[in-house]
Amino acid sequence: VEYMYRPGIPWDEFWLTHYHYLTIPVCLLALLHLPRKRTRAVAWVAVLNPLIFGVSYFVFPASENVNCIHSACLQGSSAWTGPVYSLAFWAVIFAGNLSVAWGLERYFSKGRVTAKRRLRAQAAFRNVLGVVAGLCVWDGVYKAGLPDLLCDAPTVTASTRIGCAYTLDSSPGKLSFVYELQNKTAQPLHCTTYARTGYTQILLDDSVPVAAGKSLTLGHILPYPDVTVHVRLEADCTPANRKTATEN
């Protein structure tokens, strides 16, 4: 969950990510209230687990390290990386998931859930909600104390619209700042884009061609901010035919 604290992550996405705290407790509580029948949990795990890890490995960029599939997420374990690690890590998690599914199938197939146990589970779940609420407040206070990258509203002119999209980890101390540039006109444009932070103007991309009526998603590597900064994006655009005529 390191990405939750990356500069540029919107607060709504930050809070939404906390649903992970409740995933397992909600599932366990639901199991106590489902009718007794064969669940085929092992079969579902055998299909979905490889699918989830396959998507994490092949679809998402390695820099995001979704589900810790490209390198270990534990502190001090940065050397655990590469294809061998990925395969070994998936195999361990897969075996663990199968074991849990098999155990749950055996437990619930024997009808050991009583009304008293359900009431105890509901009381435990209420306690979990209290702990989760406390953790969310703790997380929020921690994030609020970190340097952040706050984007102003998109800059809109008669010909263009430019605004922030998202950020990604690029390398230690660096992040990939992704933004969107839209050409609102009926002719192609060449645009030079800037990020303005206070009195500082940073060149992002120079003379980017944007087709008529189209949008581009562009990225630029920026250092992690030392303090919270507000970013306003700007685009200086000229018609492509005028630029060509000037060059000739």
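Residues numbered from 1 in each chain as written. Predicted model: local features only at pLDDT ≥ 70, side-chain atom pairs only at ≥ 80, totals over all residues. Heavy atoms only, no water.

S.K.: Before we move on, can you summarise the overall build of the protein with the specific residues and values?
M.R.: Of the regular secondary structure elements, the protein holds six helices and eight strands. The C-alpha atoms of the protein give 25 Å as radius of gyration, which overshoots the globular expectation for 248 residues (18 Å, by more than 25%). Across its three principal directions, the C-alpha atoms of the protein cover 80 × 40 × 35 Å. Every one of the 248 residues in the protein was classed for burial, and the buried ones make up 26%. Long-range contacts, defined as pairs at least 24 residues apart, comprise 66% of the intrachain contacts of the protein with a sequence gap of at least 6. Approximately 15,800 Å² of the protein is accessible, and the part contributed by carbon and sulfur atoms is 63%. The centroid of the 22 positive side-chain charges in the protein is displaced by 21 Å from the centroid of its 16 negative side-chain charges. (Helix = DSSP H or I, 4+ residues; strand = E, 2+ residues; numbered from the N terminus. Rg over C-alpha atoms; globule rule 2.2 N^0.38 Å. Buried < 20%, exposed > 50% of the residue type's maximum accessible area, 1.4 Å probe, protein only. Contact = heavy atoms within 4.5 Å. Areas by Shrake-Rupley, 256 points an atom, 1.4 Å probe, with all protein chains shown as cover. Lys, Arg positive; Asp, Glu negative; His and termini not counted. Charge placed at Lys NZ, Arg CZ, Asp CG, Glu CD.)

S.K.: A description of the pattern of salt bridges should follow, citing residues and the corresponding values.
M.R.: Within the structure shown, the criterion is met by one salt bridge. Where Glu234 meets Arg196, a salt bridge forms, and the shortest distance between an N and an O atom there is 3.1 Å. Note that Glu234 is positioned in strand E8 (residues 229-239) and Arg196 in strand E5 (residues 189-197), a separation of 38 residues in sequence. Here Arg196 falls in the partly exposed class, since its relative accessible area comes to 29%. (Salt bridge = Lys/Arg side-chain N within 4 Å of Asp/Glu carboxyl O.)

S.K.: An account of the packing of aromatic side chains is needed here, citing residue identities and associated values.
M.R.: Inspection of every chain in the model, using the stated rule, returns ten aromatic pairs. For the pair Phe14 and Trp15, a centre-to-centre distance of 5.0 Å together with 70° between the ring planes defines the contact as edge-to-face. Overall, the relative accessible area of 39% leaves Trp15 in the partly exposed class. Just above the ring of Trp11 sits the side chain of Lys143; from NZ or CZ to the centre is 5.4 Å. (Phe/Tyr/Trp six-rings, centres within 6.5 Å; stacked < 30°, edge-to-face > 60°. Lys NZ or Arg CZ within 6 Å of the ring centre and 35° of its normal.)

S.K.: Describe the nonpolar core, and please don't skip the residues or the numbers.
M.R.: If you look at the biggest cluster of nonpolar residues, it comprises 16 residues, and the most contacted ones within it are Phe177, Tyr179, Leu181, Leu204, Val231 and Leu233. For this core, the secondary structure elements donating two or more residues are strand E4 (174-183), E5, strand E6 (200-210), strand E7 (215-223) and E8. The biggest single contributor to this core is E4, with four residues. Other than its neighbours up to four places away in sequence, Tyr179 contacts Ile162, Gly163, Cys164, Ala165, Thr193, Leu204, Asp205, Leu216, Thr217, Leu218, Gly219 and Leu233. (Core = buried A, V, L, I, M, F, W, Y, C linked by side-chain atoms within 4.5 Å.)

S.K.: Account for the pairing of E4, naming residues and giving values.
M.R.: Of all ten residues in E4, seven are buried, a share of seventy percent or more. The pairing of strand E3 (residues 160-171) with E4 spans ten bridges and is antiparallel. Bridged to Ser171 within E4 is Lys174. From the end of E3 to the start of E4, which pair antiparallel, there are two residues, and Gly173 there has a positive phi angle of about 80°. Relative to E7, E4 runs antiparallel, the two being bridged by nine bridges. Pairing of Gln182 across the sheet is with Ser215, part of E7. (Pairing = 2+ DSSP bridges.)

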